[in-house]
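Descriptive structure summary
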Amino acid sequence: MIKAVRPRLNIGGKPTDCRRLCNRAHPPSTCSALASTVRPFRQASPRTPTYGPTTLATLATTIIKHHQLHSQATPAAQPAVHGVFEPVTGTWQYVVADPSTLAAVIIDPVLDYDPVSRQATTGSADSLLALIKKKGYTVDKILETHAHADHITASSYLQDRLSKTQSHRPSIGIGKRIGLVQTLFGQRYGVPPGECSEGVFDKLLDDDEVFEIGNLKATAMHLPGHTPDHLGYKIGDNVFCGDSLFYADVGTARCDFPGGSANNLFASGRRLLNLPAHVKIWTGHDYPPPERKTPMAWMSVHDHKKHNKHLHDGIGEDEFVAMRRKRDASLGAPRLLHQSLQMNIRAGKLPKPTAYGDRLLHVPMDLKGLEW
Ligand SMILES: [Fe+2]
């Protein structure tokens, strides 16, 4: 007969359910529940209760299965996600962090800009800095999903400010096809090549490239359609999809910018909707219709498949492309189109000052065919 202290955890439940033992995911070496289950056998004394072979065999089986579950099927670690809505451009900015190391990334931050006064301000970006400081995060990367045409990125501003408050300078990352976009719009707007070469970004991400955020794994997903260089970032059971899928009652992003393709957006959207049903799709923008009002940041794959008004299950490519083209033909140019593109192909860096100290952006005249 073997003597043992009664384990303080219930082992009478399903032995394969590790959450009966510890209720959290971790390596076996750090499992306090497992330790408290094993410790009694090490500390047995003559005054402790006595258990027969059947009970001990059940206990041993439970411990072994607990080990197996932790070593073979540890659930993917999940990030802390902070969505911060910028209402003027309807942009969702994100701070995504590894709770175990407090390493973080920023996705698609906004620099506030008033085209009438031509004043750039940093209220939105500073609110991200305040959040990062409050949470104690260290930012490793500032990520762009694409070269935005509707808002100016705050990436370069944030990189500068964070470099002064943390031990290392966060890199600015974007998809590897940004060179196509830089060439196209750099020439159109007369941006000096040195100010909009690929080298103005610190990191060009390859398709399906995996990178770390602390102990988390992130994967770059090429999601072309809205723009050719467009990426989404999958982090745990979340995808930050930029301008591909919007909330269900808004649908999908426009595809009429140079290099855009409704066919490509259909394929990118279906790629997202082929992810497991519970995965959260975090959108790059929201434009809440009057009946909803509140901006929403995410929707599950399951709900998109049922409810996304442009791309729910059952909508075919031809139908989607025809809808998208018709709708895009009715949309006006974004309010900050010219300023955004010229700044964003520079990774948000300021244009070099002129001899007069001005930082110039070009705004083409809209003559509507008028000439003289
Ligand atoms: Fe966009």
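Residues numbered from 1 in each chain as written. Predicted model: local features only at pLDDT ≥ 70, side-chain atom pairs only at ≥ 80, totals over all residues.

Looking at an unreviewed UniProt entry, the chain carries the name Metallo-beta-lactamase superfamily protein, with the source organism given as Podospora didyma.

Details of the overall build of the chain
Of regular secondary structure, the chain possesses 9 helices and 17 strands. Out of the 372 residues in the chain, the part that is buried amounts to 38%. Relative to all contacts within the chain whose residues are 6 or more apart in sequence, the contacts with residues 24 or more apart total 69%. (Helix = DSSP H or I, 4+ residues; strand = E, 2+ residues; numbered from the N terminus. Buried ≥ 20, exposed ≤ 12 C-beta atoms within 10 Å, placed from the backbone. Contact = placed C-beta atoms within 7 Å.)

Describing the nonpolar core
Most often, soluble globular proteins have nonpolar side chains that are buried together. Among the nonpolar cores identified, the biggest contains 72 residues, and Val95, Val96, Ala104, Ile106, Leu158, Ile281 and Trp282 are the most heavily contacted of them. Discounting chain neighbours no more than four positions away, the residues touching Trp282 are Val81, Gly83, Trp92, Tyr94, Asn238, Val239, Phe240, Cys241, Ala297 and Trp298. (Core = buried A, V, L, I, M, F, W, Y, C linked by C-beta atoms within 7 Å.)

Details of the sheet that holds strand β8 (residues 138-143)
Read from one edge to the other, the open sheet built from 6 strands follows the order β3-β4-β5-β8-β10-β11, with strand pairing classed as mixed. Either end of the sheet is taken by a strand with one partner, and the two such strands are β3 (80-86) and β11 (203-205). Neighbour-to-neighbour, the strand axes of the sheet open up by a mean angle of 25 degrees, direction not taken into account. In the sheet, strand β4 (residues 91-97) pairs with strand β5 (residues 103-107) via 4 bridges, with the strands oriented antiparallel. (Pairing = 2+ DSSP bridges. Axes fitted to C-alpha atoms, helices over the stretch in contact; angles between N-to-C directions.)

Let's talk about the sheet that holds strand β12 (residues 210-213)
Paired through backbone hydrogen bonds, the strands of a sheet run either parallel or antiparallel to each other. Taken in spatial order, the 6 strands line up as β12-β13-β14-β15-β16-β17 in an open sheet, and their pairing is mixed. Sheet topology places β12 and β17 (298-300) at the edges, where each strand pairs with a single neighbour. Ignoring strand direction, the axes of neighbouring strands in this sheet form an average angle of 25 degrees. Pairing of strand β14 (residues 231-235) with strand β15 (residues 238-240) involves 3 bridges; the strand directions are antiparallel. By the bridge assignment for β15, Ile235 is matched with Asn238.

Observations concerning the pairing of β4
Where burial is concerned, most of β4 is hidden: 7 out of the 7 residues are buried. Of the two faces of β4, both are covered, the one formed by Thr91, Gln93, Val95 and Ala97 as well as the one formed by Trp92, Tyr94 and Val96. Pairing of β3 with β4, which is carried by 7 bridges, proceeds in the antiparallel orientation. If you follow Gly83 over to β4, its bridge partner there is Tyr94. In sequence, β3 turns back onto β4 through a hairpin of 4 residues, with Gly90 there showing a positive phi of about 65 degrees. The hairpin turn running from β4 into β5, its antiparallel successor, is 5 residues long, and Leu102 in that turn takes a positive phi close to 65 degrees.

Things to note about helix α9 (residues 337-344)
Within α9, 6 of the 8 residues are buried, which leaves the element mostly enclosed by the surrounding structure. Listing the buried residues of α9 in full gives Gln339, Ser340, Leu341, Gln342, Met343 and Asn344.

Here's the deal with helix α5 (residues 178-189)
Helix length check: α5, at 12 residues, gives a terminal C-alpha distance of 16 Å against a target of 16 Å (1.5 Å per residue), a fit within 8%. Buried-residue contacts for α5 involve β10 (171-175), β11 and α9. Following α5 by one or two positions, Gly190 adopts a phi angle in the positive range, close to 65 degrees. (Expected span 1.5 Å × (residues − 1).)

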